[in-house]
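# Per-entry structural report
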Amino acid sequence: MSSPRRLRRWLITAMSAALVASGAAGTATAEPADATAAAAVTFSDTFDGPAGAAVDSSKWQIETGDNVNNHERQYYTSGNKNAALDGQGHLVITARKENPANYQCWYGTCQYTSARLNTSGRFTAQYGHVEARMKVPRGQGMWPAFWMLGTPVNWPDSGEIDIMENVGFEPSTIHGTIHGPGYSGSGGIGAGYTLPGGQAFADAFHTFAVDWAPDSITWSVDGNVYQRRTPADLGGKQWVFNKPYFLILNLAVGGYWPGDPDGSTAFPQQLVVDHVSVTTGDSSTGGAIRGLAGKCVDVAGANTANGTPVQLYDCNGTSAQNWTVGSDGTIRALGKCLDVASGGTADGTPVQLWDCNGTAAQKWVVTAARDIVNPQADKCLDVTGNNSANATRLQIWTCTGAANQKWTVG
């Protein structure tokens, strides 16, 4: 991955203090598979800042202490001792093996330190697309997690949504789980996702997400959906996922589930977080996407075949120009998705219409600066050659802020 990236700059622009303060109830209700809501970034952190700096305290608070409930072995420290920016647009949560006499855990003097951050009192979400792009640590006893707790916290009755958990003895598998009254702890309801070919999650960055609606939660890894839960899965128990939840990032060491580190575990270990974002829907209808010279994003010939060029054309109100920006990050017309050809990331890669498939080539974010950005490529939707003639092909290009990359949605 590149750094520091344009992606970080536009995400920061897209988020305002007012949006953060208001990003709770009354947001999207669309299912991710057929979302038609325009996406609004209501929370974002791309962790820009100098190396060694602490996280933004307006977004995160840092918890301290141990966790006897899970028999974890770490002490969570304050400040930037175990959670700091790396100067390249990442948050790094570091677990260290040490013997700090001042840190007392449930079992005596702690052997490990780490960090746990949450947005309680700063931001809560209720429905929408919640994601983090991260690279997890490796090794026996490691337990990184990205999750949410319902407010006010009265666990398990208030609920828990685990977006991603990984335990070190399963390097190729992550888990997504819900907990609530009568289905908590080892009785939580969830599933795992395993990378193919023996790949380990610690080898590369991956995007972990949920699409959360009033009566469903859908989990995905890198855009690949692997489970969906609804009230029907609870066997008559209470669905408690219709309230505000806050976000949590942490790296635990040891505990009932992962077991303790052993001689094979190398320290320090790091959970590296590229970005965290929450997008929610704020419109239920589609519409035109207008750009250079007031012209519209158009599917050539209104042709629904895979690979049909997407172009600039005089606005005409037809279905070939009626686009919806989904809470799942897709931009859709004629029942198909705006797609970067062959998943390319190079300047000049054309965009096209294609069957929606959940890949990163079909993920877009509309920013407050009116860029439409493909995060995988970290590039903007662009009118080729700044040419406003009808039928000019659209492509991706390094974001420049020029007029041929500015769009008005709806």
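Residues numbered from 1 in each chain as written. Predicted model: local features only at pLDDT ≥ 70, side-chain atom pairs only at ≥ 80, totals over all residues. Heavy atoms only, no water.

From N to C terminus, the protein includes two helices and 31 strands. Counting only residues that meet the buried cut, the protein has 55% of its 410 residues in that class. Long-range pairs, those at least 24 residues apart, make up 68% of the contacts in the protein between residues at least 6 apart in sequence. As displayed, the protein has an accessible area near 15300 Å², and 49% of this comes from carbon and sulfur atoms. (Helix = DSSP H or I, 4+ residues; strand = E, 2+ residues; numbered from the N terminus. Buried < 20%, exposed > 50% of the residue type's maximum accessible area, 1.4 Å probe, protein only. Contact = heavy atoms within 4.5 Å. Areas by Shrake-Rupley, 256 points an atom, 1.4 Å probe, with all protein chains shown as cover.)

Across all of its chains, the model carries four disulfides by this definition. One disulfide bridge connects Cys 105 with Cys 110, the sulfur atoms lying 1.8 Å from each other. For the disulfide bridge between Cys 105 and Cys 110, the dihedral angle about the S-S bond is near 105 degrees, and by the sign convention the bridge is right-handed. Residue class for Cys 105 comes out buried when judged on its relative accessible area of 9%. There is a disulfide in this structure between Cys 337 and Cys 356, and the S-S distance comes to 2.0 Å. Across the S-S bond linking Cys 337 and Cys 356, the dihedral sits near 100 degrees, which makes this disulfide right-handed. Linking Cys 337 in strand E25 (residues 336–340) with Cys 356 in the loop between strand E26 (351–354) and strand E27 (365–366), this pair joins segments that are 19 residues apart in sequence. For the protein, the bonded cysteines connect in the pattern 1-2, 3-4, 5-6, 7-8 when numbered consecutively along the sequence. (Disulfide = S-S within 2.5 Å.)

Here seven strands make up an open sheet; going across it, the order is E2-E9-E18-E11-E12-E13-E14 and the pairing antiparallel. In the strand order of this sheet, the two ends are held by strand E2 (61–63) and strand E14 (189–194), each with one partner. Within the sheet, the average angular offset between the axes of one strand and its neighbour, ignoring direction, is 15 degrees. (Pairing = 2+ DSSP bridges. Axes fitted to C-alpha atoms, helices over the stretch in contact; angles between N-to-C directions.)

Attention now moves to the pattern of salt bridges. Opposite charge on two side chains lets them pair, provided their charged atoms get close. Going through the model one piece at a time under the given rule, you end up with 11 salt bridges. With a closest N to O distance of 3.7 Å, Arg 229 and Asp 233 form a salt bridge. Looking at Arg 229, the relative accessible area reads 17%, which means it is buried. The salt bridge partner of Asp 314 is Lys 295, with a shortest N-O separation of 3.5 Å. Remark: Lys 295 occurs in the loop between strand E20 (289–290) and strand E21 (296–299) and Asp 314 occurs in the loop between strand E22 (310–313) and strand E23 (324–325); sequence separation between them is 19 residues. Residue classification places Asp 314 among the partly exposed residues on the basis of a relative accessible area of 36%. (Salt bridge = Lys/Arg side-chain N within 4 Å of Asp/Glu carboxyl O.)

Below, the discussion takes up the packing of aromatic side chains. The relation between two aromatic rings is expressed through the spacing of the ring centres and the mutual angle of the planes. Under the defined criterion, the tally for this structure stands at 13 aromatic pairs. Plain terms: the ring middles of Phe 43 and Trp 60 are 5.8 Å apart, the flat faces sit at 85 degrees to each other, and that makes the pair edge-to-face. Highlighted residues: Phe 43 in strand E1 (residues 39–45) and Trp 60 in the loop between E1 and E2, separated in sequence by 17 residues. Connected via pairs of aromatic rings, a cluster forms that spans Tyr 127, Trp 212, Trp 239, Phe 241 and Tyr 245. The ring of Tyr 107 carries the charged tip of Arg 73 above its face, separated from the ring centre by 4.7 Å. (Phe/Tyr/Trp six-rings, centres within 6.5 Å; stacked < 30°, edge-to-face > 60°. Lys NZ or Arg CZ within 6 Å of the ring centre and 35° of its normal.)

Moving on to the environment of Val 340. Position of Val 340 among the secondary structure elements: in strand E25. Overall, Val 340 belongs to the buried group, its relative accessible area being 0%. Once residues within four sequence positions are removed from consideration, Val 340 is found in contact with Thr 349, Pro 350, Val 351, Ala 361, Trp 364, Asn 374 and Ile 396.

Attention now goes to the pairing of strand E13 (residues 173–179). Counting buried positions over the seven residues of E13 gives seven, a clear majority of the element. The alternating pattern of E13 places Thr 173, His 175, Thr 177 and His 179 and Ile 174, Gly 176 and Ile 178 on opposite faces, both of which are buried.

Fine structural detail should not be taken from predicted coordinates in areas where pLDDT scores are low. Taken residue by residue, the protein gives an average pLDDT of 86. The fraction at 70 or more is 88%. Scored below 50 in pLDDT, residues 1–39 shows 110 contacts in the model against residues more than four places distant or in partner chains. (pLDDT = per-residue confidence, 0-100.)

Let us look at the nonpolar core. Ranked by size, the top nonpolar core spans 53 residues in total, and within it Ile 161, Ile 178, Phe 241 and Val 276 carry the most contacts. With five residues, strand E18 (residues 245–253) is the largest single contributor of residues to this core. Residues in contact with Ile 178, not counting those within four places in the same chain, are Glu 160, Ile 161, Tyr 183, Gly 188, Ile 189, Ile 217, Trp 219, Arg 229, Leu 234, Trp 239 and Phe 241. In this structure, Val 310, Ala 320, Val 325 and Ala 333 belong to the second largest nonpolar core, which totals 24 residues. (Core = buried A, V, L, I, M, F, W, Y, C linked by side-chain atoms within 4.5 Å.)

Turning to the pairing of strand E15 (residues 206–213), a few remarks are in order. Burial analysis of E15 places eight of its eight residues in the buried class, which makes it a mostly covered element. With seven bridges connecting them, strand E10 (residues 128–135) and E15 associate as antiparallel partners. Paired with Val 130 across the strands is Val 210, a residue of E15. Strand direction decides the pairing type here: E15 and strand E16 (residues 216–221), joined by six bridges, are antiparallel. Opposite Ala 213, over in E16, you have Ser 216 as the bridge partner. What sits between E15 and E16 in their antiparallel hairpin is a turn of two residues.

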